[in-house]
Each structure stands twice: as C-alpha cells, then as structure tokens.
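Analysis of the macromolecular model
The lines below spell out each chain.
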Amino acid sequence: MIQTQLTPVLKQLRLSGLSSTLDVRLREAASNRLSHAEFLAVIFQDELNIRQQRQIERRCQAAGFEERKTLEDFDWEYNPKVPKKEIYELASCQFIREGKCALLIGFPGLGKSHLSQAIGYEAIKQGFIVLRKSIFDLAREFAEEDETHRDLLKQYLKPDLLIIEDFAGKHLPQSSGEYLLEVVMRRYEKKSILLTSNRPLEDWGKLLNDVPVAQAILDRVLHHCHILPFVGKSKRWPGPEELGLAFNAETPETPAKKR
C-alpha cells in the first residue's frame, strides 16, 4: 500500500533507483527493525548506486565501447607472458593523472584490444572521460571533415584518455599522419593516449606514408610512455606448424627441430 502511494511521487522526483528497491527495503526494515535513519540510509544508497552505474554505462557508450571488457574477464592463464603487473598498474590510472602515454605492442590475438578497453573501463569508473577509436576511424573522420577540423579536433582533445587501436595496422592515406600528429601534439604532456599496435616501431613511417611525421609522433608519444610488449600464444594466429612454415631458428613458442 505504502509503495503504491509512493511510486508516483518517486517517479516525479526522478528517484527510479530507490523505487525499484523500495519493496525489498520495506520488508527488510520491518524484519530487522531498522530505525528511520537506517532505513533512509539504505534506500538513498540504493539510489546512489544505481545512478553511478547508469553514469558508467553512459560513459562507456560515449567512449565507443561496443561491449564491456574487464580485467576480471581476461583469460590470464592462456598466455602467462602477458604483462599482468604492468597492466594493473595502468588500470590504477596514475598515468592518466600524470598526462603520460601507454603503448601495448605485439602480434595480433594476444589481448591488447581487450586490455586497452579494460583499462579504459577502470578509468571511467574513476571518473575520467575516455574515448576509444581505431586508427582507421580517426583517419576516415578527419578525411571527411571540413578543412578546419575544429569540431572534430575538440572531440579528440576533450577526453582524459584517448585510446587509439590498431595503430600502424596497415597503410593509411597520405594525410593521416598529419591528422594524428596534430592530435598528439595538442595532447602532449597534458592528456593521456593509449595506443595498441601489432607492428614494430620501425614500420610506422612506411605505414603512415610519412617517415618524418611518424618520427615526430614517436618522439612525443614515447617521451613519457609506458611500453608494454606482448609476446606468447595468440588466440587468433595459428602456430608455425599449422601454417606449414619451416623455421631455421628457435622461437619462444616452437623450438626448431634439430637436423
């Protein structure tokens, strides 16, 4: 009866979180003989928890996270060579507070994308604004924008953490390096960038079609940067034997057969 009377009032006050748990909390209060103050503390905490969760969901959507990736969901046992300690250090978000960068680099299928988003999710929970883009989306958006790029540039400069995935994954249009350089320069020593890449640093110039621009990007990104190499077993790439490749030298995963 009480809940029925309160429902329209709570709706008008936009206390939907409190409304959703009120019935349970009323029964809890009666069963445990909660004082008025204790009851109010419980129901207001319910409202606060739900509001915080909704805010996190909105920020994840605004960040461009198609699905939630967390540190807890990651399969650490599959590839124990993944730098777990360093990942958790990044997830503390101290590098964001310091305006530093991070680079997760290694072959495909080692978990770089999952973990970059998991770090972004931890940043969102700590109140930071995050934006995630692939390098291909960044290049396309700047190519389609008008010549000033003013509004688009604001979008890339606002977040506390900018995640750029698949960096130098393949050849990009000629002007892509210039767009990225401007973003990097304007964020340099102010706000953080987290890059993922499956290509060695020496290839970046060729893939950006501009070696001097790639060098300028590297100079700024690597100046204050946590570099995490990813090695070991890939979940997407088959091993050498499956590819039918012959190796003359030993690799960490598949020792060469002695002749």
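Residues numbered from 1 in each chain as written. Predicted model: local features only at pLDDT ≥ 70, side-chain atom pairs only at ≥ 80, totals over all residues. Heavy atoms only, no water.

1. Some words on the overall build of the protein chain
- A count of helices and strands for the protein chain gives 12 helices and five strands.
- When the 259 residues of the protein chain are sorted by exposure, 41% land in the buried category.
- When the accessible surface of the protein chain is split by element, carbon and sulfur atoms take 52% of a total near 15600 Å². (Helix = DSSP H or I, 4+ residues; strand = E, 2+ residues; numbered from the N terminus. Buried < 20%, exposed > 50% of the residue type's maximum accessible area, 1.4 Å probe, protein only. Areas by Shrake-Rupley, 256 points an atom, 1.4 Å probe, with all protein chains shown as cover.)

2. A look at the packing of helix α7 (residues 135-144) against helix α8 (residues 150-157)
- At a minimum axis separation of 10 Å, α7 and α8 run at an interaxial angle of 155 degrees. The orientation of α7 relative to α8 falls into the category roughly antiparallel. Every pair of crossing elements has a handedness; the one defined by α7 and α8 is left-handed. Packed against α7, whose contacting residues are Asp137, Leu138, Glu141 and Phe142, the element α8 presents Leu152, Leu153, Gln155 and Tyr156 at the interface.
- When its residues are assigned to classes, the contact of α7 with α8 shows five nonpolar, one polar and two charged. (Axes fitted to C-alpha atoms, helices over the stretch in contact; angles between N-to-C directions. Parallel < 35°, antiparallel > 145°, perpendicular 65-115°, else oblique. Left-handed = near helix turned anticlockwise from the far one by under 90°. Contact = heavy atoms within 4.5 Å. Nonpolar A, V, L, I, M, F, W, Y, C, P; charged D, E, K, R; others polar.)

3. Details of helix α6 (residues 112-125)
- Across its 14 residues, α6 extends 20 Å between first and last C-alpha, which sits within 8% of the 20 Å expected from 1.5 Å per residue.
- Within α6 the residues assigned to the buried category are Lys112, His114, Leu115, Ser116, Gln117, Ala118, Ile119, Gly120, Tyr121, Glu122, Ala123 and Ile124.
- Of the residues flanking the end of α6, it is glycine 127, one or two places downstream, whose phi is positive at about 95 degrees. (Expected span 1.5 Å × (residues − 1).)

4. So, the pairing of strand β1 (residues 101-106)
- Where burial is concerned, most of β1 is hidden: six out of the six residues are buried.
- Taking every second residue as pointing to the same face, both faces of β1 are buried, with Cys101, Leu103 and Ile105 on one and Ala102, Leu104 and Gly106 on the other.
- Here six bridges tie β1 to strand β5 (residues 225-230), and the two strands are oriented parallel to one another. For isoleucine 105, the partnering residue across the bridge sits in β5 and is proline 229.
- With four bridges joining them, β1 and strand β4 (residues 192-197) adopt parallel strand pairing. (Pairing = 2+ DSSP bridges.)

5. A closer look at the nonpolar core
- Within the largest apolar cluster, 30 residues are counted, with the highest numbers of intra-cluster contacts made by Ile87, Phe95, Leu115, Val130, Leu161, Leu194 and Phe230.
- Elements supplying a minimum of two residues to this core: α3 (36-63), α4 (84-91), α5 (94-97), β1, α6, β3 (161-165) and β5.
- No other element matches α6, which puts six residues into this core.
- Among all residues touching phenylalanine 230, those that are not within four sequence positions of it are Val82, Pro83, Ile87, Leu104, Ile105, Gly106, Phe107, Leu110, Gly111, Lys112 and Leu115. (Core = buried A, V, L, I, M, F, W, Y, C linked by side-chain atoms within 4.5 Å.)

6. Some remarks on the environment of arginine 186
- Among the structural elements, arginine 186 can be located in helix α9 (residues 176-187).
- Between the C-alpha atoms of arginine 186 and leucine 157, which are 29 residues apart in sequence, the distance is 7.3 Å.
- Once you skip the residues sitting within four places of it in the chain, arginine 186 turns out to touch Leu153 and Leu157.

7. Details of the confidence of the model for the protein chain
- In this model, the protein chain carries an average pLDDT of 83, and 87% of its residues clear a pLDDT of 70 or more.
- Below pLDDT 50 for its whole length, residues 240-259 participates in 14 contacts with residues either more than four positions away or in separate chains. (pLDDT = per-residue confidence, 0-100.)

8. Points about the packing of aromatic side chains
- Applying the stated criterion across every chain, the model contains four aromatic pairs.
- Between the aromatic rings of phenylalanine 142 and tyrosine 156, the centroid separation amounts to 5.5 Å while the plane-to-plane angle is 35 degrees, which identifies the pairing as tilted. Note that phenylalanine 142 is positioned in helix α7 and tyrosine 156 in helix α8, a separation of 14 residues in sequence. For the residue pair phenylalanine 142 and tyrosine 156, the accessibility class agrees, reading buried in each case.
- Here a set of aromatic residues connected by ring pairs shows up, and it is made of Phe74, Trp76 and Tyr88.
- The positively charged end of lysine 233 is found above the aromatic ring belonging to tyrosine 78, 4.6 Å away from the centroid. (Phe/Tyr/Trp six-rings, centres within 6.5 Å; stacked < 30°, edge-to-face > 60°. Lys NZ or Arg CZ within 6 Å of the ring centre and 35° of its normal.)

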